[in-house]
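Given next are the chains, with one letter for each unit.
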Amino acid sequence: MSEGKERKPERVYSEDEIVSKLKAELPHWRYENGWIRRKYKTPGWKSTLMLINTVGHLAEAAWHHPDLKASYAWVEVLLMNHAAKGVTDKDFELARKIEEVVQWQPGTDGGALEGTPNADPRFAYLKYDD
């Protein structure tokens with residue numbers, strides 16, 4: 001964030017615009033009660049905590065903080081720009097970055113990073129989207 005620059009008010013998207021952008025750009029996300037949201041399923045508590053920490057790292061780096069809901073084997077990420085009182089470009093950009101990082105699957109591109117042995121529940125990380 002640049003010091004000394006005045007921030008322009010952020011554009012708040014209408015419900016129709018939000019639904020359309022989600023369908024085109026973030027198909028696993030949905031709009032509900034003023035938030036864009038996504039539920040990620042995990043194999044268990046260890047993976048849930050790693051997912052929460054990943055989202056937390058991205059949010060802090062972006063200086064835009066989601067609400068989170070979590071249980072043993074899932075995490076729900078909810079995004080809405082509190083200052084703007086609605087969904088803005090910040091929400092869509094952070095959602096895209098979360099998707100990019102969380103859905104990255106090592107081992108699928110033939111590189112040296114082979115990924116976790118998901119067949120063994122002790123090491124499984126995330127229930128990836130197919």
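A.B. asks: I'd love a proper account of the packing of helix α2 (residues 45-62) against helix α3 (residues 89-102), names of residues and values included.
C.D. replies: In the contact formed by α2 and α3, the axes pass within 10 Å of each other and the chain directions differ by 140°. Relative to α3, α2 is oriented oblique. The element α2 and its partner α3 pack so that their crossing is right-handed. Residues Leu51, Thr54, Val55, Leu58, Ala59 and Ala62 of α2 form the contact with α3, whose own contacting residues are Leu94, Lys97, Ile98, Val101 and Val102. Looking at the contact of α2 with α3 residue by residue, the class counts come to nine nonpolar, one polar and one charged.

A.B. asks: Go over the sheet that holds strand β3 (residues 67-71) with me, naming the residues and quoting the values.
C.D. replies: Overall, antiparallel pairing links the four strands, which are arranged β1-β2-β4-β3 in an open sheet. A strand with exactly one partner marks an edge of an open sheet, and here the two such strands are β1 (30-32) and β3. With direction set aside, neighbouring strand axes in the sheet form an average angle of 30°. As paired elements, strand β2 (residues 35-41) and strand β4 (residues 74-79) share six bridges and run antiparallel to each other. Its bridge partner being in β4, Lys39 is matched across the sheet by Glu76. Strand contacts of helix α1 (residues 15-25): β1 and β2, with the helix running at about 155° to β1, the strand carrying the most contacts. This element, α2, spans β2, β3 and β4 of the sheet and lies at about 175° to β3.

Cut-offs and rules
- Residues numbered from 1 in each chain as written.
- Predicted model: local features only at pLDDT ≥ 70, side-chain atom pairs only at ≥ 80, totals over all residues.
- Heavy atoms only, no water.
- Axes fitted to C-alpha atoms, helices over the stretch in contact; angles between N-to-C directions.
- Helix = DSSP H or I, 4+ residues; strand = E, 2+ residues; numbered from the N terminus.
- Parallel < 35°, antiparallel > 145°, perpendicular 65-115°, else oblique.
- Left-handed = near helix turned anticlockwise from the far one by under 90°.
- Contact = heavy atoms within 4.5 Å.
- Nonpolar A, V, L, I, M, F, W, Y, C, P; charged D, E, K, R; others polar.
- Pairing = 2+ DSSP bridges.

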